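The chain contents come next:
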Amino acid sequence: MGLNNIPVLELWFEDMAAKDLYLKDCMEWYAVFTPGPPAQVRYRLEPVDKFQYDPHPTQEQKELYAQSGWQYVETVWRFYYAFLATDPQAPELHTDPVTQSYALDRLVRRRGLEVLGPILASLALVCSYFFRIGLSAPFWFTVVNSNFSLLLLLFLLFLWWPFFYFWRFWGLFKLRRQLRRGIPFQRKRTTPWLRCVFLVTLVLELAALLLIGYLYLNIWTKDGDLAALVDFPLLTLQQVEQDPDLALEPMREFFPGTPYHGHIGSYVDYHWSDLAPEIYTVYQCADAPSSASLTIDYYHLRFSFIAAPLAHDLMERETAPDNRLYAQLSGWTPLELSHPNADLILGAKSSGIWLVCAVRGSRVVLAEYSGTASPQDCLDGIVAMVAG
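Rules used throughout
- Numbers given to residues run from 1 along each chain, matching the order in which its sequence is written.
- Per-residue local features are limited, in this predicted model, to residues with pLDDT of at least 70; the limit for side-chain atom pairs, both in listing and counting, is 80 or more; totals at the level of whole chains, interfaces and linings are taken over all residues.
- Processing note: side-chain calculations cover all non-hydrogen atoms of the structure and skip hydrogens and water entirely.
- By definition here, a salt bridge exists when the distance from a side-chain nitrogen of Lys or Arg to a carboxyl oxygen of Asp or Glu is within 4 Å.
- Numbered from the N terminus, helices here are DSSP runs of H or I no shorter than four residues, and strands are runs of E no shorter than two.
- Remark: exposure states derive from per-residue accessible area (1.4 Å probe, protein chains only) relative to the maximum for the residue type, with buried under 20%, exposed over 50%, and partly exposed in between.
- For two strands to count as paired, DSSP must find a minimum of two bridges between them.

(A) Region of the structure containing the pattern of salt bridges. Applying the stated criterion across every chain yields a total of nine salt bridges. Across the pair glutamate 10 and arginine 44 runs a salt bridge whose closest N-O atoms are separated by 3.9 Å. With a gap of 34 residues between them, glutamate 10 in helix 1 (residues 6-18) and arginine 44 in strand 3 (residues 42-47) connect regions that are remote in the sequence. In this structure, glutamate 14 engages arginine 44 in a salt bridge whose closest nitrogen and oxygen atoms are separated by 3.2 Å. Of this pair, glutamate 14 sits in helix 1 while arginine 44 sits in strand 3, and the two are 30 residues apart along the sequence. As far as the burial class goes, glutamate 14 and arginine 44 line up, both buried. Here the salt bridges do not stand alone but share partners, grouping Glu10, Glu14, Arg42, Arg44 and Glu92 into one network.

(B) Expanded view of the sheet that holds strand 10 (residues 278-285). Taken in spatial order, the eight strands of this open sheet run 6-9-10-11-15-14-13-12, and their pairing is antiparallel. Bordering the open sheet on either side are strand 6 (220-222) and strand 12 (333-334), each of which pairs with just one other strand.

(C) Seen up close, the pairing of strand 14 (residues 353-360). Where burial is concerned, most of strand 14 is hidden: seven out of the eight residues are buried. Sheet topology places strand 13 (residues 344-350) next to strand 14; seven bridges connect them, and they run antiparallel. Each residue of the ladder has a partner; that of isoleucine 345, found in strand 14, is alanine 358. Both strand 14 and strand 15 (residues 363-370) contribute to a ladder of eight bridges, which runs antiparallel. Each residue of the ladder has a partner; that of tryptophan 354, found in strand 15, is tyrosine 369.

Okay, here's the thing in structure tokens:
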């Protein structure tokens, strides 16, 4: 129903009384009625003119209104005092619309402040997110791995909150402006469109949550036949080590329910983002006694112009001095690599670990290897993964 339209609320209470239900209490989204004999009565709502935790009219106000045939019923959600008149000839509580408008000043100010808070909170949420993206290093790595569509969807759903507060403020503001012009309340029944908007929004929120849930169900970490779990020609650790009989360590968990980054062994992790519909991480770890491992990060991007900046960011991220995984390494030596089927090849090596990042079109692959093989010997296999 909403609490911004005073005449509509008054008419609703009167209609309910005609159906033998009398107002007992009224909150933001529901009202409580008590049974009684059906009658044609009148309700009038008086705005609460000062802050009270549990507001009630003064005894003097009750007595003054009672002399005119109006009995205090209940306070409607700390906004209005509800008065009831059973006598159809009882005089109106207010005869001067301009004077009546001053009673709405406090509620209009209060509603205005309530609107300001959610709007500022919404803007702060979005601004802080993009500010963090802007400060993130490397930038393109953060952008590619972010889902802006989900953020936008959640933000649009979140906008219901400030919209609802603005709707209440605007309703009271228009009522006060009408009274200030000397026009009394126009008591006419209107369609409760807010209820319809609320139900539609609720359905959209549920549908959005189901959609987000469905999308995240497609994010998985699996082990087994790694080549069968990816959609690109996978370079295997057996090929790098030139040992077809090499066994891979199966995926294990430290504890049940451990996130995927806590796994040991060989696995495929798949997820997606707005700018990269396919993102794979394939980790291959040789069974003992070998200690070789191969990690491949594969990005199939939506736009090819992002590929080269992402490749540089991936290399920067892996070779950064504050990278916890390689903090013990003394430094990285750039590798001069090239391949006719690649748009860009970047490489680096340090203490038995080499990195190679290959780009072609909208595909980017970063291969990270620890072992004895040379990156030049594996270049054909790495480039094949981005050849499409």
